[in-house]
Amino acid sequence: KLAKPKLFVEEDVLVGFLDYGSIRIATATMGYKQYELNKDAVLKSMKKPVFLLKNVPGVDGKPEINQLTKIYLQDITVKGAWTGVASLELHPHALAPIANFPVREIVDVSHFVVDVTLPYGEVAHDYIKHGVPTGAHGHGHHGSHSNAHSHH
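Calculation rules
- Residues numbered from 1 in each chain as written.
- Predicted model: local features only at pLDDT ≥ 70, side-chain atom pairs only at ≥ 80, totals over all residues.
- Heavy atoms only, no water.
- Helix = DSSP H or I, 4+ residues; strand = E, 2+ residues; numbered from the N terminus.
- Buried < 20%, exposed > 50% of the residue type's maximum accessible area, 1.4 Å probe, protein only.
- Phe/Tyr/Trp six-rings, centres within 6.5 Å; stacked < 30°, edge-to-face > 60°.
- Lys NZ or Arg CZ within 6 Å of the ring centre and 35° of its normal.
- Core = buried A, V, L, I, M, F, W, Y, C linked by side-chain atoms within 4.5 Å.
- Contact = heavy atoms within 4.5 Å.
- Pairing = 2+ DSSP bridges.

Time to look at unusual backbone geometry. Within the chain, Lys33 stands out as a residue other than glycine whose phi angle is a positive 50°. With respect to the element layout, Lys33 can be found in the loop between β3 (23-31) and β4 (35-36). The backbone of Asp75 sits at a positive phi, close to 50°, despite the residue not being glycine. Tracing the chain through its elements places Asp75 in strand β7 (residues 74-83). According to the relative accessible area criterion, Asp75 is exposed, its value standing at 57%.

Before going further, it helps to examine the packing of aromatic side chains. Taken as a whole and assessed by the stated rule, the structure comprises 1 aromatic pair. Directly above the ring of Phe17 sits Arg24, whose terminal nitrogen or CZ lies 3.4 Å from the centroid.

For the rest of this paragraph, the subject is the nonpolar core. Counting residues in hydrophobic clusters, the biggest one holds 6 residues: Val42, Met46, Ile76, Val78, Ala81 and Phe112. Elements supplying a minimum of two residues to this core: α1 (39-46) and β7. For this core, the element with the most residues is β7, which contributes 3 residues.

Here the focus is the environment of Gly16. Position of Gly16 among the secondary structure elements: in strand β2 (residues 13-20). Residue classification places Gly16 among the buried positions, given a relative accessible area of 15%. C-alpha of Gly16 to C-alpha of Lys6: the two residues are 10 residues apart in sequence and 5.6 Å apart in space. In this structure, Gly16 is in contact with Lys6, Leu7, Ala26, Thr27 and Ala28, ignoring residues within four places of it in sequence.

Turning our eyes to something else, we now look at the pairing of β3. Of the strand pairs in this sheet, β2 and β3 are connected by 8 bridges, and their pairing is antiparallel. Within β3, the position partnered with Leu18 by the bridge is Ala26. Taking the residues that link successive antiparallel strands as the turn, the β2-β3 hairpin has 2 residues, and the phi of Gly21 there is positive, at about 65°. Bridge count between β3 and strand β8 (residues 86-90): 5 bridges; the pairing is antiparallel. Across the sheet, Ala28 pairs through a bridge with Leu88, a residue of β8.

If you want it as structure tokens, here you go:
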């Protein structure tokens, strides 16, 4: 039951679709290679850790793995980086309710071409072993995963 992302260039627009089955649940567009970005700034941002949530159910359907993972990308070569105008539209869906999160403002967008090595990561937090961190006295990674999707 995974959503299927598509990313492609159409004329002068970078287009992203997110489909759940045959139903479109998100559409994103931005100007393709509209304004060049500083490659060093992109390289610096890509050296920050990437956080991903890894969920794997067991054969009984109950969560077997539920971890926040941390990865540092390696061998990063930025070949090109751009920003531009953008739009994001979310569509209602009963089983994928992303449209419940309203888009109030697009703060920053970019796309880039890079060579990168994706190494094995480490477990930043294991929710099955240690539960959900509470309050400001958690495990030190609160707020960090806001960076997880800033480059996708």
